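Observations on chain architecture
Chain by chain, the residues:
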Amino acid sequence: MANSLGRLYAIIIVLQFCLSSAAQNGTIIRAENLRHLRSVARINFADFPGELEIGWFEAKADASEFIVFDDAGTIYRVGMSGILESLAYRNNEAQVFSLIDAAYVGDVPFILYVLDDAYFINEQRLSSDRVPVALYAFDDMLFVEAIEDGGAVVFQGFLLEEEPAALRLISRKGLPDAGSDAPAVRIGRIDFPYVFVSNLVGSGLIMYRYPGAFSVENGRQYDLNGGPAVFGAVNVAGSHLAWSDPASARLNLLDLASGENTVVAELGGSYGQYHLLTADASAILVVNLDFSPAVVAWDVETGKRRDLGAYRGCTRIPDKVVLSEDGTALIIGCDTGLDTWRIVNDEKG
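These remarks concern the structure in this document. (Residues numbered from 1 in each chain as written. Predicted model: local features only at pLDDT ≥ 70, side-chain atom pairs only at ≥ 80, totals over all residues. Heavy atoms only, no water.)

1. Here's the deal with the nonpolar core
To keep it simple, the criterion reads: Definition of nonpolar core: a set of buried residues of the types Ala, Val, Leu, Ile, Met, Phe, Trp, Tyr and Cys, connected through side-chain atoms within 4.5 Å. Only protein chains enter the accessibility calculation, which uses a 1.4 Å probe; a residue is then buried when its area is under 20% of its type maximum, exposed when over 50%, and partly exposed in between. Starting at the N terminus, helices and strands are each numbered in turn, a helix being any DSSP run of H or I of at least four residues and a strand any DSSP run of E of at least two. The contact rule is simple, with two residues in contact once any of their heavy atoms fall within 4.5 Å.
Ranked by size, the top nonpolar core spans 19 residues in total, and within it Leu285, Val287, Val295, Leu330, Ile332 and Trp341 carry the most contacts. When residues of this core are traced back to their parent elements, those giving at least two are β22 (272-277), β23 (283-289), β24 (292-299), β26 (320-323), β27 (329-334) and β28 (337-343). For this core, the element with the most residues is β23, which contributes three residues. Beyond its immediate sequence surroundings of up to four residues, valine 287 is in contact with Gln273, Tyr274, Leu276, Ala294, Val295, Tyr311, Pro318, Val321, Leu330 and Ile332.

This is the structure:
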């Protein structure tokens, strides 16, 4: 098996990045500066030594570095100067390898993967009595979302120890059973420590937040006018939820503290593939609205729509779209590569 990431061999190649002079200006995306949000950096998969066809990625908090992978299972840590490290966990082609997920804790990337019939984070083997499906970094810990026998969801919390360098399991939280026979769905693309469960009959919504509210008794309940909520996004502060209904009739913003809901815009059935909410909850971004390869945003206060333009050329809808943890970048990944958008203060537009 390969050595730890700190001892990996580096392969440096020059990628064709389209960078503006303001690509690293660190300006947080807000409603007031949406007109300056533009594509500033692109990572082209055609420039890699391996074949990359999936636009999945994991981004560092400031979007200065990414994890991507190719068809052969080679994992690349990519910075603005090119490939910083490449990693192959298989010792031979007969081994079965699949990347499951990745997460950064500060500057350190952690890779969750399956090798043959065993699951690992970097080089540490995990218990085999449940199937890991996602990896999250939160509060300087790693959390593995896993499926137990019978289908129950559990979140395992690992503390990062320096001496010896290892992951120590210190918590285990199951996803609460809402205790109702009514059909419900967990709203996807909302990362731990939040879990939202929407009642599909009516307009009930329950929010669970680790650690204190991972129980039926402590889950925060909301009654949504115009629900149920089936698409959504939480801002990094965890203060608001942007959501829309199954018919994509309206775009809404829910204040998670007060429970007050605001209709931001009438969508008229226009379906958005990805919803994103700025750090200050002042703007909602939608990527790929009605299958159009473009970025659209709404000012929450005024309801004004702003069409921000097309993202990089892709042969299908993006595989992953996120706002960076620090709120300064929009990252779009598809089969041709990554596209990073930032605030460019050039007084255009």
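2. Describing the sheet that holds strand β12 (residues 153-161)
Stated formally: At least two DSSP bridges between two strands are needed for those strands to be called paired. Axis lines are fitted through C-alpha atoms, for helices just across the contact stretch, and the angle between N-to-C directions can take any value from 0 to 180 degrees.
Across the sheet, which stays open at both edges, the four strands sit in the order β10-β11-β12-β13 with antiparallel pairing between neighbours. Edge positions in the sheet fall to β10 (130-138) and β13 (166-174), since each has one partner strand and no second. In this sheet, neighbouring strand axes are inclined to one another by 25° on average, regardless of whether the strands run parallel or antiparallel. Across seven bridges, strand β11 (residues 141-148) lies against β12 in antiparallel orientation. Residue pairing across strands places phenylalanine 143 opposite glycine 157, the latter belonging to β12.

3. Description of unusual backbone geometry
For the peptide bond that leads from phenylalanine 192 to proline 193, omega is 20°, which places it in the cis range. Within the secondary structure layout, proline 193 lies in the loop between β14 (184-186) and β15 (194-199). Omega for the peptide link from tyrosine 210 to proline 211 comes to 0°, which places this bond in the cis form. Its place among the elements puts proline 211 in the loop between β16 (204-209) and β17 (220-223). A positive phi is found at alanine 63, a non-glycine position, where the angle reads about 60°. Structurally, alanine 63 is set in the loop between β2 (58-59) and β3 (65-69).

4. Focus: the sheet that holds strand β20 (residues 250-255)
Strand pairing in a sheet takes place through backbone hydrogen bonds and is either antiparallel or parallel in direction. In spatial order, the strands read β18-β19-β20-β21; together these four strands make up an open sheet with antiparallel pairing. Every interior strand has two partners, whereas the edge strands, β18 (231-234) and β21 (261-266), have only one. Sheet twist, expressed as the mean angle between neighbouring strand axes with direction ignored, is 20°. As paired elements, β20 and β21 share five bridges and run antiparallel to each other. Paired with asparagine 252 across the bridge in β21 is valine 263.

5. Side note on the pattern of salt bridges
Here is the rule we go by: Salt bridges are identified by distance alone: a Lys or Arg side-chain nitrogen within 4 Å of an Asp or Glu carboxyl oxygen.
Scanning the entire structure with this criterion turns up 14 salt bridges. The partner of arginine 130 in a salt bridge is aspartate 129, and the shortest N-O contact between them spans 3.1 Å. Overall, the relative accessible area of 12% leaves arginine 130 in the buried class. Linking arginine 168 and glutamate 161 is a salt bridge whose minimum nitrogen-to-oxygen distance equals 2.4 Å.

So yeah, pure geometry; function would need other evidence.
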